[in-house]
Amino acid sequence: MDLQEIYQSIQNKINKIQFSAIQKEFKPYPFILYTEKEYCLDNKTNLNHNLFYGNTAIFFENKWCAIWNIETDKMVDMDILASFLIHEMYHCFQLEQKEERFPNDFYLLSLSCDQWLCNLRLQDSLLLVDGYLNPTVENLSKICYIRKEMLKQNTKVIEEFKGEAIEGAAEFASCMALKQLNQKKYSKRMNHYCHLLKSNNIQLNPRKRSYYSGCLLLLLLYKNSIYIPAISSLTPCEKILDEISATPFHISNNNSLINLLNKNLNELKTKIEKYKKEFVPFKSHIVGYDPMNMEVYQNYLLIAYAILDDGKTRIAFHKPTLIEMEDENLKIVKGYYQASI
């Protein structure tokens, strides 16, 4: 199929979706499918002059639009592609509604280094999977206990909850749309998410995990008829911590998870040392980055794509670069290392 045919097929799928059944304020938004050479909007094809990057939500021609690159993310299943666009449409909805609960990605990724926090995260994941299979208030009570323990361990865990409010909510919308389009494909996706959440690897990437943990948390709340407003000053997790009593229980260490964490940390430290060749001072701020391809250790960021700006000069990096921050607050850039690998 050519670009316009794919567009029309997706439009037909989206027309079948009851948006208000997903979230009562949610509505469809324009979407753009694009390749390196052309893009399609409102079923009209135009030349693409480097107008778009990635799969996301953008403000284009005076309206919020969901965009998807069908070359880099080839999709033969129209139901699945339609559901992915619903994820981006939900971000359009959040941005239009002036959503403010966006997480600090640098803080979020720095949380992956804490051993006990990773262990608590695994227990939380297992409870979310059990909650998907057995959606009881008892499961929610245990989740509340785990998450209070996570906050005691590190207050920056609130960034994980924010990640769930943004990406988890968008993924929930995507899954509920897929459920309307095809129940079997929905079940297959949810089983995959359960498999991911039970793995050790996902516990070491709290940003990526927030897509799945947030989705399953919202699904558990939905199945227990607990209403969560789309836009709020509180994250869904904070709301339930205020309203549901926590049920304490024994939490044991998972040695295989800790061993994996230590192995990954040692590999990351080695990788960082290899990049430390020629330091270039450049006091600035990070104004653009790829959050899905970034690692954080102490005050170092190893990042695949970044834009630094000191107010006068803007520097863009299009390959893996080691950036040194002034301290572990990760707010101000101290400088970067010349790529030598």
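What comes next concerns the included structure.

Right, let's get into unusual backbone geometry. Look at E61: it is not a glycine, yet its phi comes out positive at around 50°. Its location among the elements puts E61 in the loop between β4 (56-60) and β5 (63-69). We classify E61 as partly exposed; its relative accessible area is 48%.

Taken in spatial order, the seven strands make up an open sheet running β7-β8-β11-β12-β6-β9-β10, and their pairing is antiparallel. What marks the edges here is a single partner per strand, and that holds for β7 (294-297) and β10 (314-317). Going from strand to strand, the sheet's axes swing by 35° on average, the running direction of each strand aside. Sheet topology places strand β9 (residues 306-309) next to β10; four bridges connect them, and they run antiparallel. Bridge pairing in β10 links I307 to A316.

Attention now moves to the sheet that holds strand β1 (residues 31-34). With mixed pairing, five strands are arranged side by side in an open sheet as β3-β2-β1-β5-β4. Only two strands of the sheet have a single partner each, and these edge strands are β3 (44-47) and β4. Geometrically, the sheet is characterised by an average inter-axis angle of 30° between neighbouring strands, direction not taken into account. Pairing of β1 with β5, which is carried by four bridges, proceeds in the parallel orientation. Opposite I32, over in β5, you have I67 as the bridge partner. Helix α1 (residues 3-15) rests against β1, β2 (38-41) and β3 of the sheet, and its axis sits at about 150° to β1.

Attention now goes to the nonpolar core. When a protein is soluble and globular, its nonpolar side chains tend to lie buried together. Counting 85 residues, the largest nonpolar core has I10, F26 and L33 as its most contacted members. Ranked by residue count, the leading element in this core is helix α7 (residues 158-181), at eleven residues. Among residues more than four places away in sequence, those in contact with I10 are F31, L33, M78, L81, A82 and L85.

On to the pairing of strand β8 (residues 300-303). Here β8 shows a buried face lined by Y300 and L302 and a second buried face lined by L301 and I303. Relative to β8, β7 runs antiparallel, the two being bridged by four bridges. Of the residues in β8, the one forming a bridge with M294 is I303. Count of turn residues in the β7/β8 antiparallel hairpin: two residues, of which Q298 carries a positive phi of about 55°. Across four bridges, the pairing between β8 and strand β11 (residues 321-325) is antiparallel.

Conventions adopted
- Residues numbered from 1 in each chain as written.
- Predicted model: local features only at pLDDT ≥ 70, side-chain atom pairs only at ≥ 80, totals over all residues.
- Heavy atoms only, no water.
- Helix = DSSP H or I, 4+ residues; strand = E, 2+ residues; numbered from the N terminus.
- Buried < 20%, exposed > 50% of the residue type's maximum accessible area, 1.4 Å probe, protein only.
- Pairing = 2+ DSSP bridges.
- Axes fitted to C-alpha atoms, helices over the stretch in contact; angles between N-to-C directions.
- Contact = heavy atoms within 4.5 Å.
- Core = buried A, V, L, I, M, F, W, Y, C linked by side-chain atoms within 4.5 Å.

So yeah, pure geometry; function would need other evidence.
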